[in-house]
2 protein chains.
Amino acid sequence: MKSIYLAGPDVFLPNAVDVGIKKSILCKKYGFKGNYPLDNEIVEYSYPTKRKMGFSISKANQEMIRKSDIVIANLTPFRGPNADVGTVFEVGYACALGKLVVGYSNMTMLHTERVKHGSMINAGHGMDANDMFIEDFDLNENLMIDGGIENSGGFFLTQDVPFCERYTSLVVFEECLKKLQFIA
Amino acid sequence: MKSIYLAGPDVFLPNAVDVGIKKSILCKKYGFKGNYPLDNEIVEYSYPTKRKMGFSISKANQEMIRKSDIVIANLTPFRGPNADVGTVFEVGYACALGKLVVGYSNMTMLHTERVKHGSMINAGHGMDANDMFIEDFDLNENLMIDGGIENSGGFFLTQDVPFCERYTSLVVFEECLKKLQFIA
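Let me begin by describing the structure that accompanies this report.

Calculation rules
- Residues numbered from 1 in each chain as written.
- Chains lettered and ligands numbered in written order.
- Predicted model: local features only at pLDDT ≥ 70, side-chain atom pairs only at ≥ 80, totals over all residues.
- Heavy atoms only, no water.
- Disulfide = S-S within 2.5 Å.
- Buried < 20%, exposed > 50% of the residue type's maximum accessible area, 1.4 Å probe, protein only.
- Pairing = 2+ DSSP bridges.
- Helix = DSSP H or I, 4+ residues; strand = E, 2+ residues; numbered from the N terminus.
- Axes fitted to C-alpha atoms, helices over the stretch in contact; angles between N-to-C directions.
- Contact = heavy atoms within 4.5 Å.
- 1 Å grid on protein atoms, 1.4 Å probe; cavity = no way out; pocket = protein on both sides within 12 Å on 5 of 7 lines; lining within 4 Å.
- Points joined across faces, edges and corners; volume = space filled by probe spheres on them.
- Nonpolar A, V, L, I, M, F, W, Y, C, P; charged D, E, K, R; others polar.
- Expected span 1.5 Å × (residues − 1).
- Salt bridge = Lys/Arg side-chain N within 4 Å of Asp/Glu carboxyl O.
- Polar contact = N/O pair within 3.5 Å; in protein donor to acceptor, adjacent residues only side chain to side chain.
- Parallel < 35°, antiparallel > 145°, perpendicular 65-115°, else oblique.

Bringing the state of the cysteines into the picture now. Enumeration according to the criterion identifies zero disulfides over all chains in this entry. We note that C176(A) lacks a disulfide partner, and the nearest cysteine sulfur, in C27(A), lies 10 Å from it. Cysteine C95(B) remains unbridged, with the sulfur of C95(A) as its closest cysteine sulfur at 14 Å. The class of C95(B) is buried, set by a relative accessible area of 9%.

Right, let's get into the sheet that holds strand β5 (residues 156-158) of chain B. All names here are of chain B. The strand order β2-β1-β3-β4-β5 describes an open sheet built from five strands, whose pairing is parallel. For this open sheet the edge positions go to β2 (33-35) and β5, each flanked by a neighbour on one side alone. With direction set aside, neighbouring strand axes in the sheet form an average angle of 25°. Pairing of strand β1 (residues 3-7) with β2, which is carried by three bridges, proceeds in the parallel orientation. Residue pairing in the sheet places Y5 in a bridge with N35 of β2. Contacts from helix α5 (residues 143-152) reach β4 (100-105) and β5, with the element oriented near 135° to β4.

Turning our eyes to something else, we now look at empty space enclosed by the protein. Here the structure, examined in full by the defined rule, presents three cavities of 30 Å³ or more. Size it by volume and the largest cavity reaches roughly 130 Å³. Lining the largest cavity are 16 residues, with N82(A), A83(A), F78(B), N82(B) and A83(B) sitting closest to its centre. Here the residues of the lining of the largest cavity are counted per class, giving eight nonpolar, four polar and four charged.

With that settled, consider helix α3 (residues 85-96) of chain B. All names here are of chain B. When the terminal C-alpha atoms of α3 are compared, their 17 Å separation across twelve residues agrees well with the 16 Å that a helix rising 1.5 Å per residue should span. In terms of burial, α3 is a largely internal element, twelve of the twelve residues being buried. G98 sits one or two positions beyond α3 and adopts a positive phi of about 80°.

Here we take up the interface of chain A and chain B. Taken together, the contact between chain A and chain B spans 57 residues of the former and 57 residues of the latter. Taken together, the connections running from chain A to chain B amount to five salt bridges. In this structure, D138(A) engages K50(B) in a salt bridge whose closest nitrogen and oxygen atoms are separated by 4.0 Å. For the pair chain A and chain B, the number of links is 15 residue pairs in polar contact (both at pLDDT 80 or more). Counting residues per element, the side of chain A that touches chain B draws most heavily on helix α2 (residues 50-67) of chain A, which supplies eleven residues. Of the residues in the side of chain A that touches chain B, the class split is 29 nonpolar, twelve polar and 16 charged.

Residue and element names in this part refer to chain A. The strand order across the open sheet formed by five strands is β2-β1-β3-β4-β5, and the pairing between neighbours is parallel. Where the open sheet ends on each side, the last strands, each with one partner, are β2 (33-35) and β5 (156-158). The mean angle between the axes of side-by-side strands here comes to 25°, regardless of whether they run parallel or antiparallel. With four bridges joining them, strand β1 (residues 3-7) and strand β3 (residues 70-74) adopt parallel strand pairing. The residue bridging A7 from the neighbouring strand is A73, located in β3. Lying on the sheet, helix α5 (residues 143-152) is in contact with β4 (100-105) and β5; it crosses β4 at an angle near 135°.

Right, let's talk about the packing of α2(A) against α5(B) for a bit. Packing of α2(A) against α5(B) brings their axes to within 8 Å, and their N-to-C directions diverge by 85°. Overall, the two elements α2(A) and α5(B) adopt an arrangement that is roughly perpendicular. Counted together, G54(A), F55(A), I57(A), S58(A), K59(A), N61(A) and Q62(A) of α2(A) and L143(B), M144(B), D146(B), G147(B), G148(B), E150(B) and N151(B) of α5(B) form the full contact between these two elements. Of the residues belonging to the contact of α2(A) with α5(B), the class tally is four nonpolar, seven polar and three charged.

What follows covers the pairing of β4(B). All names here are of chain B. Most of β4 sits out of view: six of its six residues are buried. Side chains of β4 alternate between two faces, with L100, V102 and Y104 and V101, G103 and S105 buried alike. The sheet contact formed by β4 and β5 spans three bridges and is parallel. Looking across to β5, one finds that Y104 is bridged to L157.

Negative phi is the rule for most residues except glycine; trans is the rule for most peptide bonds. All names here are of chain B. For R79, which is not glycine, the phi torsion reads 55° and is therefore positive. Examined against the element boundaries, R79 turns out to sit in the loop between β3 (70-74) and α3. The exposure class assigned to R79 is buried, which follows from its relative accessible area of 14%. Despite not being glycine, D138 shows a phi value in the positive range, around 55°. Among the structural elements, D138 can be located in the loop between α4 (111-118) and α5.

Turning our attention to the packing of α5(A) against α3(B). Here α5(A) crosses α3(B) at 45°, and the two axes come no closer than 7 Å. As judged from the angle between their axes, α5(A) and α3(B) are oblique. Along the contact surface, α5(A) presents M144(A), I145(A) and G148(A), while α3(B) presents V85(B), G86(B), F89(B) and E90(B). A breakdown of the residues in the contact of α5(A) with α3(B) according to their chemical character gives four nonpolar, two polar and one charged.

And the structure:
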């Protein structure tokens, strides 16, 4: 049975553990084993500093990705026009290891439009408020992410869900699993 | 001579090519060879679609990272509280390959504080406006990034520069090179 590392800002949800369980149950339904970051046993009081605890979580997540065959990354825009950077790190990490990487977003708006929405634009010049170019490649995310996923043999699915469910909906996640059945 | 992949949102600056040249000259001053994404020869008219061009740039950058010994990533917050996601992908990619990865930011404020600044906080509960946890590990960025850099044997330097120079200042970048001389 192939295993899937479940990357995403889901770990920041108030019911993060439940979401991991739900995602793992869905994985099983389609013949996969889900590996969720919060499955790593990190015991808070065993670290002398918050930094060391952070480093330890990072290392455990890296190891979990290495042990997994596939990554499904929740790339729904988070705290700005782009995906969660922790998730993006994991996508890059998995791509370098030759894992099959799948991305999904609960929002269909493309990257360029999202950046434009979030910035005061220097009208007509394709620059943002910091006078920096807004890349336009008809992609869902920064080209390193869409390109990495494509190059890994994976795919990037997007669909709009009700706004208040954008961090909790598992509809698009399940679509990824359905599609993965036939290629993984 | 060891080579350094120069990752960062610098490629979006209006004078992106000049910045790459300046960074490469600084690399040489400290005994390194700089590899800058825009050194890749991408000929715009040879791609049928913008998407295919994006994928091609992504692949060329991945190959350039593989050929480099070290990555110095400009992780100055970009279009929100976090670093540029393209750069973060590259940091993850390089960490998985066992490269020495160094990060820098032209802003010293830690990750948790930046997210709080950018969010309406649900007071007292450590949650952001989307009711999601704001992680607090005394780190410069999401723990995957600081942890990945630490685990690679690298370091993360931050320093405040004048606000209008936060995407162009090379002061902290040069500090990274000075420090790298002794460990790489």
